[in-house]
Amino acid sequence: MSGVRTIRSRAATVGVLSGAVSGLLAAAAALGAGQVCALAFGAESAPVIAVGEGAIDLTPSWLKDAAVSAFGSNDKLVLLSGIGAVVVLIAVAIGLVARRRPAWGAAGLVAFGAVGVAAALARPTATPAYAVPSLVAAVVGVAALLMLIRLAPRAKTAGSPVPDGDRVTSPSGADRRAFLLAASGTVVFAGLAGGTGLVLRGGAAATRAAVRLPRPASPAQALPAGADLRIPGLTPYVTPLRDFYRVDTALVLPRVDPRDWTLRIHGMVDRPMELSLAELLRYPLVERWITLTCVSNQVGGPYAGNGRWLGVPLARLLRAAGVRSGADQLLSTSVDGFTAGTPVATVLDGRDALLAVGLDGQPLPVARGFPARLIVPGLYGFVSATKWVTDLKLTRFADDRSYWARRGWALRAPIKTMSRIDVPRPLAKVPAGEVTVAGVAWAQHRGITGVQVRADDGPWRDAELAPVPSTDTWRQWHYRWSAASGQHTLTARAVDGTGAVQTQQRVPPIPDGASGWQSIVVTVA
């Protein structure tokens, strides 16, 4: 009796494991097939990407902002990991159901494919062909599942009765070998299909290296001596490319072949235009130092970066197209369907608004918008900094709503005056005596004319400012504080070029940017 129970227990364990593995491998084969099939129709048509992008669009604004605050540029990795965990759980459940009801397991994969189809067709750039990768994934997944379930090791019965019924035997070695061979083949297929998709997507971006940018007709101003104070721990004046923040709605980076890229300018214009990258680069290019700031930046947050941008003045392009009276919004669209609405008056008021093609002497990195993006000094990125831009429409705010405007965010979003303390770090322990307090401040297109620091509730003291090449960049500052022993609170505030002092009123980023003073607590030994 105990031997029979042991055999039954082992057989049941083998059955459960083989069912779970069958479900997982079938899902892996399906996703690999969908990934490689999506190469023909666009990355957004891949099942996981389509579902993930749909999840991003459906996520409430407050939750998106919380995710950026909590995970920073890793928010998309966290989302993909979550989707992966859900896929694993569903795949295991499908495999376990399919052990006894193969048709039900197959129906589960078909339903999963239907979700992918619906998500893909909901993308802004979708065509009917976007359904194909999820359909192919469903077919491949069902075929793999049924094959694996059919070959999965099972307990067998023999005719000699025992007290509990038929005699139970363990699965045979032949069963195991057949299943392992099929499972190995499925793993190889899934790996090759998924890997091929990733490699070929990467290969499309390799054409970036072949792009040669012309020298600027108007180079950036040389940095004045002392623009970078080089204080240990202080944010550098020029943000290294690897450290530039990335906050956007793209779950995967769009891979745009510059040979196929075009920019369309249309809508309320007299002369609609369509430019290739080669044609765009024939325009005289200007190079400018400009600091970008994300609206998701909390007080004292890291989502700001400064670089030397190269591009064509947007005003020149719009005037060439002939902006009609009444057009008050420049609606820019990314290759992945994201949209941003920029006030036309801001683009045409003389500031260095650019259709940028380069950063710090190189073609734009893929993560920064290659081959072209918008840069408008003084506006938060959600209304001005469309990456991978491919379409510019002159329209009215009353007629068209951009991605974030449809979610209740501001239509016009000038960057608020902000200062940040980089040195010392919050909760740091510092020696008594003279302590350097340093940071950066920004108010793009208005400039920073002062930064003030106070310890505890003492008087405000003026910090020393580093020189800058223009009002469109952040500014480093430092203050020598005579620190006495004990715990102290340090606070900073900035003054912009209009004379306005950074407001103390604390508000969150939604809907038009955070405000408030940053304070840190330090211990003086």
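Structure's up top.
Residues numbered from 1 in each chain as written. Predicted model: local features only at pLDDT ≥ 70, side-chain atom pairs only at ≥ 80, totals over all residues. Heavy atoms only, no water.

Undergrad: Teacher, can you tell me more about the overall build of the protein here?
TA: Secondary structure summary: the protein contains 10 helices and 21 strands in total. If one aligns the C-alpha atoms of the protein with their principal axes, the spans along those axes are about 95 × 70 × 40 Å. Looking at the 525 residues of the protein, the share that counts as buried comes to 51%. For the protein, the proportion of contacts with a sequence separation of at least 24, taken over those separated by at least 6, is 75%. (Helix = DSSP H or I, 4+ residues; strand = E, 2+ residues; numbered from the N terminus. Buried < 20%, exposed > 50% of the residue type's maximum accessible area, 1.4 Å probe, protein only. Contact = heavy atoms within 4.5 Å.)

Undergrad: It is not clear to me how unusual backbone geometry should be interpreted in this structure. Could you clarify?
TA: For the peptide bond that leads from Phe370 to Pro371, omega is 10°, which places it in the cis range. Relative to the helices and strands, Pro371 resides in the loop between strand E10 (362–363) and strand E11 (373–375). Omega for the peptide link from Ile510 to Pro511 comes to 10°, which places this bond in the cis form. For Pro511, the position within the fold is in the loop between strand E20 (486–496) and strand E21 (518–524).

Undergrad: Is there a simple way to explain the environment of Thr235 in this structure?
TA: Relative to the elements of secondary structure, Thr235 occurs in the loop between helix H7 (173–205) and strand E3 (262–267). A relative accessible area of 17% means that Thr235 is categorised as buried. Sequence separation between Thr235 and Val312 is 77 residues, and the spatial gap between their C-alpha atoms is 29 Å. The residues touching Thr235, leaving out its near neighbours within four places in the chain, are Arg420, Asp422, Val440, Trp474 and Gln476. Side-chain polar atoms of Thr235 contact the side chain of Arg420, separated by 2.8 Å. (Polar contact = N/O pair within 3.5 Å; in protein donor to acceptor, adjacent residues only side chain to side chain.)

Undergrad: Looking at this structure, how should I read helix H9 (residues 314–321)?
TA: Owing to its 3.6 residues per turn, the α-helix aligns residues three or four sequence positions apart on the same side. Along H9, the residues classified as buried are Leu314, Ala315, Leu317, Leu318 and Ala321. When H9 is viewed along its axis, its buried side chains cluster within an angular range of 160° and face the same direction. The first or second residue beyond H9 is Gly322, which carries a positive phi of 80°. (Arc of directions from axis to C-beta.)

Undergrad: Would you explain the sheet that holds strand E15 (residues 433–442) in this entry?
TA: Strand pairing in a sheet relies on backbone hydrogen bonds, with the paired strands running either antiparallel or parallel. Reading across the sheet, the four strands line up as E13-E15-E19-E18 and stay open at both edges, with antiparallel pairing between neighbours. Among the strands making up the open sheet, the edge pair consists of strand E13 (418–423) and strand E18 (464–465). Inspection of the sheet shows E13 paired to E15 by five bridges, in the antiparallel sense. Within E15, the position partnered with Arg420 by the bridge is Val440. (Pairing = 2+ DSSP bridges.)

Undergrad: So what exactly am I meant to see when it comes to the nonpolar core here?
TA: A general feature of soluble globular proteins is that nonpolar side chains tend to end up buried together. In this structure, Leu280, Trp309, Leu314, Leu355, Phe382 and Leu394 are the most contacted members of the largest nonpolar core, which totals 80 residues. The contacts of Leu355, once residues within four sequence positions are left out, are Leu263, Leu280, Leu310, Gly311, Val312, Leu314, Leu317, Ala372, Arg373, Leu374 and Val389. The next biggest cluster of nonpolar side chains, apart from the first, holds 20 residues, and it includes Ile421, Ala441, Ala492 and Ile520. (Core = buried A, V, L, I, M, F, W, Y, C linked by side-chain atoms within 4.5 Å.)

Undergrad: I tried to follow the side chain of Thr207 on my own but got confused; where do I start?
TA: Examined against the element boundaries, Thr207 turns out to sit in the loop between H7 and E3. The exposure class assigned to Thr207 is buried, which follows from its relative accessible area of 17%. Ignoring sequence-local partners within four residues, the contact set of Thr207 consists of Asp257, Pro258 and Arg259.

Undergrad: Looking at this structure, I do not really get the sheet that holds strand E16 (residues 448–455). What am I missing?
TA: The five strands lie next to each other as E14-E21-E20-E16-E17, forming an open sheet whose pairing is mixed. Where the open sheet ends on each side, the last strands, each with one partner, are strand E14 (429–430) and strand E17 (461–462).

Undergrad: Mind showing me how you'd approach the environment of Ser470 here?
TA: Counting through the fold element by element, Ser470 comes out in the loop between E18 and strand E19 (475–483). Put simply, Ser470 and Leu223 are 247 residues apart on the chain and 9.6 Å apart in space, counted from C-alpha to C-alpha. Only 3.1 Å separates the side chain of Ser470 from the backbone nitrogen of Asp472, close enough to count as a polar contact.

Undergrad: Mind showing me how you'd approach the pairing of E15 here?
TA: Counting buried positions over the 10 residues of E15 gives seven, a clear majority of the element. In terms of strand pairing, E15 meets E19 through nine bridges, oriented antiparallel. What sits directly across from Ala441, in E19, is Arg475.

Undergrad: What should I look at first to understand a nonpolar patch on the surface in this one?
TA: A grouping of Val86, Ile90 and Phe112 is seen on the molecular surface, where their side chains present a nonpolar patch of about 210 Å² in accessible area. Here Ile90 shows up in helix H4 (residues 75–100). (Patch = residues over 30% accessible without salt bridge, like charges linked within 9 Å, V, L, I, M, F, W, Y side chains within 5 Å. Areas by Shrake-Rupley, 256 points an atom, 1.4 Å probe, with all protein chains shown as cover. Salt bridge = Lys/Arg side-chain N within 4 Å of Asp/Glu carboxyl O.)

Undergrad: Could you clarify how one ought to interpret the packing of aromatic side chains in this entry?
TA: Each aromatic ring pair is characterised by the separation of its centres together with the angle its planes make. Under the defined criterion, the tally for this structure stands at 10 aromatic pairs. Ring geometry for Phe244 and Trp309: centres 5.9 Å apart, planes at 85°, overall edge-to-face. With Phe244 in the loop between H7 and E3 and Trp309 in strand E6 (residues 304–313), the pair connects residues that are 65 residues apart, well separated along the chain. A ring pair is formed by Trp404 and Trp409, whose centres lie 5.0 Å apart and whose planes are at 50°; its orientation type is tilted. According to the relative accessible area criterion, Trp409 is buried, its value standing at 6%. (Phe/Tyr/Trp six-rings, centres within 6.5 Å; stacked < 30°, edge-to-face > 60°.)

Undergrad: What is the right way to look at the pattern of salt bridges in this model?
TA: Side-chain pairing between opposite charges can occur once the charged atoms of the two side chains come close. This model, assessed by the stated rule, comprises 18 salt bridges. Asp257 is paired through a salt bridge with Arg259; the nearest N and O atoms lie 2.7 Å apart. Taking relative accessible area as the criterion, Asp257 reaches 17% and is therefore assigned buried. In this structure Arg259 comes out as exposed when scored by relative accessible area, which is 65%.

Undergrad: Would you mind going over helix H5 (residues 102–121) with me for this structure?
TA: Counted at 1.5 Å a residue, the expected span for H5 with its 20 residues is 28 Å, and the 29 Å between its end C-alpha atoms agrees. Every buried residue of H5 is listed here: Gly105, Ala106, Leu109, Gly113, Gly116, Val117, Ala119 and Ala120. (Expected span 1.5 Å × (residues − 1).)

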